[in-house]
Amino acid sequence: MTFTNDMVAELNLLLKFPNKSLMQGLKIHHDAEPSAVAAAKRLFDKGIVTLPDGGYLTDLGHDLFEHALVVKMALTNK
């Protein structure tokens, strides 16, 4: 199984969330890239973020953020 374009968009958006504080989130504006708007809605539908336009990461979102960060670091050549 490979990552679909939708999955990649979701992972990229997930990695844009601030990870320093539970009190910080993201707002995806209606005029943002359509792929980002759609990714935010899908993350909301999956229970990963609190609002269809971003909001805060849920507990599941925080767990997935950490895993996505590990994958990103492992695949980075630095």
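Residues numbered from 1 in each chain as written. Predicted model: local features only at pLDDT ≥ 70, side-chain atom pairs only at ≥ 80, totals over all residues. Heavy atoms only, no water.

### Topic: helix H2 (residues 34–45)
- Helix length check: H2, at twelve residues, gives a terminal C-alpha distance of 17 Å against a target of 16 Å (1.5 Å per residue), a fit within 8%.
- Inspection of H2 places Ala 39, Ala 40, Arg 42 and Leu 43 among the buried residues, and these make up the whole buried set. Each buried residue of H2 lies within a common arc of 165 degrees when the element is viewed along its axis, so the set occupies one face.
- Directly beyond the C-terminal end of H2, a positive phi value near 80 degrees is found at Gly 47. (Helix = DSSP H or I, 4+ residues; strand = E, 2+ residues; numbered from the N terminus. Expected span 1.5 Å × (residues − 1). Buried < 20%, exposed > 50% of the residue type's maximum accessible area, 1.4 Å probe, protein only. Arc of directions from axis to C-beta.)

### Quick notes on the sheet that holds strand E3 (residues 54–57)
- One open sheet holds the three strands; their spatial order is E1-E3-E2, and the pairing between them is antiparallel. This sheet does not close on itself; its edge strands, each paired only once, are strand E1 (26–27) and strand E2 (49–51).
- Relative to E3, E2 is paired through two bridges, and the arrangement is antiparallel. Note that in E3 the partner of Val 49 across the bridge is Leu 57.
- Each of E2 and E3 is contacted by H2, which is oriented at about 105 degrees to E2, the strand it contacts most. (Pairing = 2+ DSSP bridges. Contact = heavy atoms within 4.5 Å. Axes fitted to C-alpha atoms, helices over the stretch in contact; angles between N-to-C directions.)

### As for helix H3 (residues 59–75)
- Between its first and last C-alpha atoms H3 spans 25 Å; for 17 residues at 1.5 Å apiece the expected length is 24 Å, and the two agree.
- Along H3, the positions that sit buried rather than exposed are Gly 61, Phe 65 and Ala 68. With its buried residues spanning 70 degrees around the axis, H3 presents them on a single face. Residues of H3 that are exposed and point more than 90 degrees away from the buried face comprise Asp 59, His 67, Val 70, Met 73 and Ala 74.
- Buried residues along H3 sit in contact with helix H1 (5–14) and E3.

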